[in-house]
Amino acid sequence: MTLLLAAAGVLGVSASGPLIAATLAGGSVTALAIAFWRNALAAVVMAAPVAVREPAQFRRLGRREFMWSSIAGVALAFHFVCFILSLTLTSVAASTALVCLQSGWIAVFSLVRGRRLPPAVVVGLGLSFAGVVAITGLDLGGGSHEALLGDLLAVAGGILAALYTMAGGQARRTMSTGTYTALCYGVCAAVVAILAAASGQRLAGFEPIGWVGILAITVAAQLVGHTAFNHLVATLSPLVVSMIILLEIPGAAILAAVFLHEVLPGGIYGGLAAILAGLAVVVLGQRRSRREPRSQPELGAD
């Protein structure tokens, strides 16, 4: 079941970058409109079954659940803003690669919190990041100031994604997937709506093809991708989940090649192998650490 959810999550988020770029380029849809509708619609879809079957789940939520879900929602909102804006300034490949480096930021946050990185984590992160470079080349800046700004926004998006994943891991300790995602996505949509009002970006009035793009992004990236990973953070550490998300990079390249007839990067197969090898090393290393009586807690967990 875990492998199936991980595969569904990777497939969903892999479609995110290409779908967002195509939707923004194909009409008058604004960046904040995409972020708002994908979260608002997903919040309703996730909340409805819980409200009908087990409405008491919402009434039982305490201060802790609201705090972590709200932190995750705010981080997710600004993550989307940074990521979607970066796609208008730099290449999809560079933006996706930099945003997906959230596992590195989770490791950095763990160091800041005084936790020692097990050797397996260091080796695994190194292998996976080498795979990312092999696939994308990380051609930062793209030769223009505009592209460099897009790259910096993508880096910020990756940092915010790490915070979102870590906060979600805390919230999911005592919350079901439905209640957490409904609250998190709802907070995210509210924050984006405020940002849209402040910046003057419209959230409606688009042509039909724009709404089709928003719906496709909501279903693939939000309901399938993000929700699958939000379910997994209840059983896997945020670091492992964020490393699985690295597979979005080759996934997006393969989807673009199949459906958009783009040429696959030369290093995609070697890069994919390196990412998988790095993920395996981290997973096995964390399992070994849990068996040791004096081992450190898993990264991203208390």
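All of these numbers come straight from a predicted model, not from anything done at the bench. (Residues numbered from 1 in each chain as written. Predicted model: local features only at pLDDT ≥ 70, side-chain atom pairs only at ≥ 80, totals over all residues. Heavy atoms only, no water.)

1. Here we look at the packing of aromatic side chains
Part 1 of the reasoning: The tally for this structure, following the rule as stated, stands at 3 aromatic pairs.
Part 2 of the reasoning: Each ring, one from Trp37 and one from Trp211, has its centre 5.5 Å from the other, and the planes form 75°; the classification is edge-to-face. In this pair, Trp37 sits in helix 3 (residues 31–53) while Trp211 sits in helix 11 (residues 208–232), placing the two residues 174 residues apart along the sequence.
Part 3 of the reasoning: Trp37 sits in the partly exposed class, given a relative accessible area of 23%.
Part 4 of the reasoning: Note on Phe206 and Trp211: the rings are 5.5 Å apart at their centroids and 50° apart in plane angle, and the pair reads as tilted.
Part 5 of the reasoning: With a relative accessible area of 31%, Trp211 lands in the partly exposed category.
Part 6 of the reasoning: Among the aromatic residues, those joined into a cluster by ring pairs are Phe36, Trp37, Phe206 and Trp211. (Phe/Tyr/Trp six-rings, centres within 6.5 Å; stacked < 30°, edge-to-face > 60°. Helix = DSSP H or I, 4+ residues; strand = E, 2+ residues; numbered from the N terminus. Buried < 20%, exposed > 50% of the residue type's maximum accessible area, 1.4 Å probe, protein only.)

2. Points about helix 13 (residues 248–259)
Part 1 of the reasoning: Here helix 13 is 12 residues long and its end C-alpha atoms lie 16 Å apart, about the 16 Å a rise of 1.5 Å per residue gives.
Part 2 of the reasoning: Buried residues of helix 13: Glu248, Ile249, Pro250, Gly251, Ala252, Ala253, Leu255 and Ala256, and no others.
Part 3 of the reasoning: Positive backbone phi, approximately 60°, marks His261, located one or two places after helix 13. (Expected span 1.5 Å × (residues − 1).)

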